[in-house]
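Results of the structural survey
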Amino acid sequence: MAKLIFSLEGGFIAEYPINKERLTIGRRPESDIHIDNLAVSGNHATILTIGKDSFLEDNHSTNGTKVNGLAVTKRVLQHNDVIGFGKFELRYYNESALNVGKSFKPNIQFERTMLVSPASSPRQKSKFDTTVMTGHSQGDNHRSIHAEAGDRKASIRVLNGASPSKELVLTKVMTTLGKTGEQVAVITKRTDYYFITHLEGKSFPKVNENPIGIRPMMLKNLDIIELSGIKMQFSLTNQ
């Protein structure tokens, strides 16, 4: 089982097994990993685990989050990564973690965020966009991660709003969708399967008009996803 070793300036504090899908990190007492320090925000960061892999996301914290000394917003965690919160550290242990090959770079982060919101009029500029968080290169890293999906091609196509028929092919490990501060979800691929998980917002995304809840939901071909008022169709086909 993967675990996190919590320390302060090299001194051991605690060990946390990663035994749930979502771990919260912050100054709030109810956080799964509570760090009682003013340099840490109340809801500082989240670790989402699907299968054998874990993904770190900074929750717009005041002082940011670092992995191996580099500031990150979102990141696929690798075995022995050190997550920094000021003088506090969480070391990630998971020898079965996703391996993106020898060309892996310490600051590679996961997929782009697609911002989607309905337009009030045809003249309004479309907000269906891809905003690069840092992203993978188009070289060996891209090919090695793409191979995780086997021979199946997945994509999402917008059905309404300002950009109907807009299509995004899902070629990365994780794709975040939605409008920051309103509703955000993530689509994650595991071998030939894709899962959608709620990340942010008071209401859950819907699949085929049903809220998905807090647990990851496996997507099927032609499922209809609804997020921030935008409907998208998920397609999964053999290449």
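None of these values were measured; they are calculated from a predicted model.

Section: the sheet that holds strand S3 (residues 22–26)
- What the 5 strands build is an open sheet, ordered S4-S3-S5-S6-S9; its pairing is mixed. Only two strands of the sheet have a single neighbouring strand rather than two, namely strand S4 (33–34) and strand S9 (74–76).
- Bridge count between S3 and strand S5 (residues 45–50): 4 bridges; the pairing is antiparallel. Counterpart to Thr24 in the pairing with S5 is Thr46.

Quick notes on the nonpolar core
- Leu4, Ile83 and Phe85 are the most contacted members of the largest nonpolar core, which has 21 residues in total.
- Within the residue set of this core, elements represented by two or more residues are strand S1 (3–8), S3, S5, strand S10 (82–85) and strand S11 (88–93).
- With near-sequence residues (within four places) excluded, Phe85 lies in contact with Ile25, Ile35, Val40, His44, Ala45, Thr65 and Leu90.
- Ranked by size, the runner-up nonpolar core spans 19 residues in total, among them Leu177, Ala185, Ile212 and Met232.

Description of unusual backbone geometry
- Even without being a glycine, His60 presents a positive backbone phi close to 55 degrees.
- Within the secondary structure, His60 sits in the loop between strand S6 (53–58) and strand S7 (65–67).
- Residue His60 is classed as exposed on the basis of its relative accessible area of 63%.
- The phi torsion at Asn68 lies on the positive side, around 55 degrees, for a residue other than glycine.
- Examined against the element boundaries, Asn68 turns out to sit in the loop between S7 and strand S8 (70–72).

Observations concerning the pattern of salt bridges
- Summed over all chains, the structure comprises 6 salt bridges.
- Note that Lys220 and Asp223 form a salt bridge whose closest N and O atoms lie 3.9 Å from each other.
- Classification of Lys220 as partly exposed rests on a relative accessible area of 48%.
- Look at Asp223 and you get buried, because its relative accessible area is 4%.

Digging into the environment of His34
- Of note, His34 is situated in strand S4.
- Through-space distance from the C-alpha of His34 to that of Thr24 is 8.4 Å; in sequence the pair is 10 residues apart.
- When neighbours within four sequence positions are excluded, His34 is seen to be in contact with Phe6, Gly26, Arg27, Arg28 and Pro29.
- A polar atom in the side chain of His34 sits 3.0 Å from the backbone oxygen of Arg27.

Describing the sheet that holds strand S22 (residues 224–227)
- What the 6 strands build is an open sheet, ordered S15-S14-S23-S22-S19-S20; its pairing is antiparallel. With one partner strand each, in any of the chains shown, strand S15 (167–169) and strand S20 (210–211) form the two edges of the open sheet.
- Across 2 bridges, strand S19 (residues 206–207) lies against S20 in antiparallel orientation. Residue pairing in the sheet places Val207 in a bridge with Asn210 of S20.

What to know about the pairing of strand S17 (residues 183–190)
- Judged by how many residues are buried, S17 sits mostly within the fold: 7 of 8 residues are covered.
- Judged from the 6 bridges that link them, strand S16 (residues 174–179) and S17 form a sheet pairing that is antiparallel. The partner of Leu177 across the bridge, within S17, is Ala185.
- Counted between consecutive antiparallel strands, the loop separating S16 from S17 contains 3 residues, among which Gly181 sits at a positive phi close to 85 degrees.
- Inspection of the sheet shows S17 paired to strand S18 (residues 193–200) by 7 bridges, in the antiparallel sense. Its bridge partner lying in S18, Ile187 is registered against Ile196.
- Counted between consecutive antiparallel strands, the loop separating S17 from S18 contains 2 residues, among which Thr191 sits at a positive phi close to 55 degrees.

Rules used throughout
- Residues numbered from 1 in each chain as written.
- Predicted model: local features only at pLDDT ≥ 70, side-chain atom pairs only at ≥ 80, totals over all residues.
- Heavy atoms only, no water.
- Pairing = 2+ DSSP bridges.
- Helix = DSSP H or I, 4+ residues; strand = E, 2+ residues; numbered from the N terminus.
- Core = buried A, V, L, I, M, F, W, Y, C linked by side-chain atoms within 4.5 Å.
- Buried < 20%, exposed > 50% of the residue type's maximum accessible area, 1.4 Å probe, protein only.
- Contact = heavy atoms within 4.5 Å.
- Salt bridge = Lys/Arg side-chain N within 4 Å of Asp/Glu carboxyl O.
- Polar contact = N/O pair within 3.5 Å; in protein donor to acceptor, adjacent residues only side chain to side chain.

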